[in-house]
Amino acid sequence: MSKSVLANKIGYSLFEVAKENNTLEEVSYELKEVAKVVNGSSDFVTLMNNPNLEKIKKINLIDASFAGVNKYVVNVVKILAGNLQISLINFVLEQYTELFNKHSRNVVVKAESASPLTEEQLENLKEKIKNELQLENVEINNFVDESLLGGLKLTYNNKVVDATIKAKLNAIKSKISSI
């Protein structure tokens, strides 16, 4: 599923407003928490995506549900609900997080491997990524996928670096089948 243009615009606008108001970290944390709440309540999603519910009732419900939450984050929920797109909150979060990480020179890397990486391997990988991308902070989440056979598949900032044995075998298979 591709990201929505609406979610990208909202995520970008939220980032810019948070940056102007020196609330980048607060907004980042609260947006994650609000997304968890929204994702955890299918009734809330159904209610917010209901075109028969008056906008003012939605706004009042959102204000009551998220009292004490950063006003910019609450406004994002209102915009999504007003457009019957509350389920796009994850894409807004993804866009915001990507911009926040670039701004703060951080990156979260998904490292897939055939077996768990050791602490030493994770540290070496972290240092290589830091140096290569000129970042201050790198967080690596290691996921095991035995079907990869060996090597690594790294995903970060909407980029994929696939250096797995499975990928290499598939490339060879494609070349052979095209002969």
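Before any of the text, the structure's been laid out above.
Per chain, residues are indexed from 1 in the order of the written sequence. Totals for whole chains, interfaces and linings use all residues, but because this is a predicted model, local features are given only for residues with pLDDT of at least 70 and pairs of side-chain atoms are given and counted only at 80 or more. Side-chain calculation: all heavy atoms of the structure are included, whereas hydrogens and water are not.

Caption draft 1: A look at the pairing of strand S4 (residues 159-164). Relative to S4, strand S3 (residues 151-156) is paired through six bridges, and the arrangement is antiparallel. Across the sheet, the residue bridging to Tyr 156 is Lys 159, located in S4. DSSP-based pairing: two strands are paired if at least 2 bridges between them are found. Numbered from the N terminus, helices here are DSSP runs of H or I no shorter than four residues, and strands are runs of E no shorter than two. Between the antiparallel neighbours S3 and S4 lie two residues, among them Asn 157 with a positive phi of about 45°.

Caption draft 2: Up close: the packing of aromatic side chains. Each aromatic pair joins two rings of Phe, Tyr and Trp (for Trp, the six-membered one) with centres within 6.5 Å, and gets the label stacked for planes under 30 degrees apart, edge-to-face for over 60, and tilted for any other angle. Scanning the model with the defined rule gives three aromatic pairs in all. Here the aromatic rings of Phe 15 and Tyr 96 are separated by 6.0 Å at their centres, their planes lie at 65°, and the arrangement is edge-to-face. Here Tyr 96 lies in helix H6 (residues 89-103) and Phe 15 lies in helix H1 (residues 5-20), a separation of 81 residues in the sequence. The class for Phe 15 is buried, based on a relative accessible area of 4%. Here the aromatic rings of Tyr 96 and Phe 100 are separated by 6.3 Å at their centres, their planes lie at 10°, and the arrangement is stacked. Placement of the pair is Tyr 96 and Phe 100 together in helix H6, with a separation of four residues, close to one helical turn. Among the aromatic side chains, those forming a connected cluster through ring pairs are Phe 15, Tyr 96 and Phe 100. Only when the NZ of Lys or the CZ of Arg is both within 6 Å of the ring centre and within 35 degrees of the ring normal is a charge said to sit over the ring. The ring of Phe 143 is capped by Lys 110, whose NZ or CZ atom sits 5.6 Å from the centre of that ring. When accessible area is computed with a 1.4 Å probe and restricted to protein chains, residues below 20% of their type maximum are described as buried, those above 50% as exposed, and intermediate ones as partly exposed.

Caption draft 3: Layout of the pattern of salt bridges. Salt bridge, as used here, is a side-chain nitrogen of Lys or Arg placed within 4 Å of a carboxyl oxygen of Asp or Glu. Considering all chains together, one arrives at six salt bridges under this definition. For Glu 136, the salt bridge identified is with Arg 105, shortest N-O distance 3.3 Å. Placement of Glu 136 in the loop between helix H7 (119-133) and strand S2 (137-144) and of Arg 105 in the loop between H6 and strand S1 (106-113) is noted, with a sequence separation of 31 residues between them. With its nearest N and O atoms 3.7 Å apart, the salt bridge here joins Glu 127 to Lys 130. Of the two residues, Glu 127 and Lys 130 both sit in helix H7, three residues apart, roughly one turn of that helix. On the basis of relative accessible area, Lys 130 is assigned to the partly exposed category, the value being 22%.

Caption draft 4: Highlighting the packing of H1 against H6. At a minimum axis distance of 8 Å, the contact between H1 and H6 shows a crossing angle of 45°. Put simply, H1 runs oblique to H6. Handedness of the crossing formed by H1 with H6: right-handed. Contacts from Ala 7, Asn 8, Ile 10, Gly 11, Tyr 12, Leu 14, Phe 15, Ala 18 and Lys 19 in H1 reach Phe 91, Val 92, Gln 95, Tyr 96, Leu 99, Phe 100 and His 103 in H6. In this classification, the charged set is Asp, Glu, Lys and Arg, the nonpolar set is Ala, Val, Leu, Ile, Met, Phe, Trp, Tyr, Cys and Pro, and all remaining amino acids, among them Gly, are polar. Each residue belonging to the contact of H1 with H6 can be placed in one class, and the counts come to 11 nonpolar, four polar and one charged. To obtain each axis, a line is fitted to C-alpha atoms, and for helices this fit is confined to the stretch in contact; angles are then taken between N-to-C directions over 0 to 180 degrees. Any angle from 65 to 115 degrees is called roughly perpendicular, while one under 35 is roughly parallel, one over 145 is roughly antiparallel, and all others are oblique. Whether a crossing is left-handed or right-handed is set by the direction in which the near helix is turned from the far one by less than a right angle, anticlockwise for left-handed and clockwise for right-handed. Contact between two residues is taken to exist if any of their heavy atoms lie within 4.5 Å; hydrogens are not considered.

Caption draft 5: How the structure looks around the side chain of Thr 164. Mapped onto the fold, Thr 164 is located in strand S4. Every residue in contact with Thr 164, bar those within four places of it in the chain, is listed here: Leu 148, Gly 150, Gly 151, Leu 152 and Lys 153.

Caption draft 6: The sheet that holds S3, seen in detail. In space, the four strands of this open sheet follow the order S2-S1-S3-S4, with mixed pairing throughout. With partners counted over all chains shown, the strands left at the sheet margins are S2 and S4, one partner each. The average undirected angle you get between the axes of adjacent strands in this sheet is 20°. Here eight bridges tie S1 to S2, and the two strands are oriented parallel to one another. Of the residues in S2, the one forming a bridge with Val 107 is Val 138. Across the sheet, H7 is in contact with S1, S2 and S3; its angle to S2 comes to roughly 135°.

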